[in-house]
Amino acid sequence: MTKIINWDNIFAQSENFQNNKPFKFAFIEEFIDRDFYEKLYETYPKMDDTWELRSDLSKYQYAKHWRTEKDSVCYPGDDPSFSKEWNDFKRYCETDEFVNNFKKFSGTNITKMKHIVFTGYKKGGF
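Worth saying up front: this structure is predicted, and the values here are computed from it rather than measured.

What to know about the overall build of the protein
Argument step 1. A tally of helices and strands in the protein yields five helices and three strands.
Argument step 2. Walking the protein from its N terminus toward its C terminus, one meets helices and strands in the order α-α-α-β-β-α-α-β.
Argument step 3. Looking at the protein as a whole, 32% of its 126 residues qualify as buried.
Argument step 4. Counting only carbon and sulfur atoms, one obtains 51% of the accessible surface of the protein, whose full area is about 8800 Å².

Notes on the environment of Ile10
Argument step 1. Topologically, Ile10 is positioned in helix H1 (residues 7–12).
Argument step 2. When sequence neighbours within four positions are dropped, the list of residues in contact with Ile10 reads Ile5, Ile28, Phe31 and Phe105.

A look at the sheet that holds strand S1 (residues 52–54)
Argument step 1. Within the open sheet, the three strands sit side by side as S1-S2-S3. Their pairing is antiparallel. Each end of this open sheet is capped by a strand with a single partner; those strands are S1 and strand S3 (117–122). Sheet twist, expressed as the mean angle between neighbouring strand axes with direction ignored, is 35°.
Argument step 2. Across three bridges, the pairing between S1 and strand S2 (residues 60–65) is antiparallel. Counterpart to Leu53 in the pairing with S2 is Tyr62.

Some points on helix H5 (residues 96–106)
Argument step 1. The complete set of buried residues in H5 reads Phe98, Val99, Asn101, Phe105 and Ser106.
Argument step 2. Looking at the buried side of H5, the elements it contacts are H1, helix H2 (14–19) and helix H4 (84–93).
Argument step 3. Gly107 sits one or two positions beyond H5 and adopts a positive phi of about 75°.

So, the pattern of salt bridges
Two side chains that carry opposite charge are able to pair once their charged atoms sit near each other.
Argument step 1. A complete count under the given rule lists six salt bridges for this structure.
Argument step 2. Residue Arg34 is joined to Glu30 by a salt bridge in which the shortest nitrogen-to-oxygen separation is 2.9 Å.
Argument step 3. Of the charged contacts in the structure, one is a salt bridge between Asp78 and Arg91, with a shortest N-O distance of 2.8 Å. Here the residue Asp78 occupies a position in the loop between S2 and H4, and Arg91 occupies one in helix H4, the gap between them amounting to 13 residues.
Argument step 4. If you follow the salt bridges from partner to partner, you end up with Asp78, Lys84, Asp88 and Arg91 in one network.

A few points about the packing of aromatic side chains
Argument step 1. Across all of its chains, the model carries 14 aromatic pairs by this definition.
Argument step 2. One aromatic cluster in this structure is built from Trp7, Phe11, Phe17, Tyr92, Phe98, Phe102 and Phe105.
Argument step 3. A cation over an aromatic ring shows up here: Lys104 above the ring of Phe11, its NZ or CZ 4.5 Å from the ring centre.

Section: the environment of Met47
Argument step 1. Relative to the assigned elements, Met47 resides in the loop between helix H3 (34–42) and S1.
Argument step 2. On the basis of relative accessibility, which here comes to 33%, the residue Met47 falls in the partly exposed class.
Argument step 3. When residues no more than four places from it in sequence are discounted, the contact partners of Met47 are Tyr62, Gly120, Tyr121 and Lys122.

Side note on the pairing of S2
Every other side chain in a regular strand lies on the same face of the sheet, so the side chains alternate between the two faces.
Argument step 1. Direction of pairing for S2 relative to S3: antiparallel, over a ladder of six bridges. Its bridge partner lying in S3, His65 is registered against Val117.

The rules behind each value
- Residues numbered from 1 in each chain as written.
- Predicted model: local features only at pLDDT ≥ 70, side-chain atom pairs only at ≥ 80, totals over all residues.
- Heavy atoms only, no water.
- Helix = DSSP H or I, 4+ residues; strand = E, 2+ residues; numbered from the N terminus.
- Buried < 20%, exposed > 50% of the residue type's maximum accessible area, 1.4 Å probe, protein only.
- Areas by Shrake-Rupley, 256 points an atom, 1.4 Å probe, with all protein chains shown as cover.
- Contact = heavy atoms within 4.5 Å.
- Pairing = 2+ DSSP bridges.
- Axes fitted to C-alpha atoms, helices over the stretch in contact; angles between N-to-C directions.
- Salt bridge = Lys/Arg side-chain N within 4 Å of Asp/Glu carboxyl O.
- Phe/Tyr/Trp six-rings, centres within 6.5 Å; stacked < 30°, edge-to-face > 60°.
- Lys NZ or Arg CZ within 6 Å of the ring centre and 35° of its normal.

So this is what it looks like as structure tokens:
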């Protein structure tokens, strides 16, 4: 199986994440395996008319959701509009291994991945 997440680097920052104040945060280098990350980067969805403008924000933020029309729940299964690597990444994030490792890292009681959203900015974004 393709290595997707660099759990060694993530677990090395677990204590920092769980104990940082005033909120939990950590900086994790190489969160995603470098080779797999390059494939995700190369196939990041291009901004087109399928992206939704988030007009409730002060900046021009666009979003492309991995969900059914206006549904708040993540789209089940693969989405052919995304690359093989993005579908592999999404499927991995839905596994018990990913959820349990993320629970271990964060110390929080998460149960599953619920949302995937791609974001992009135009005109005044950052």
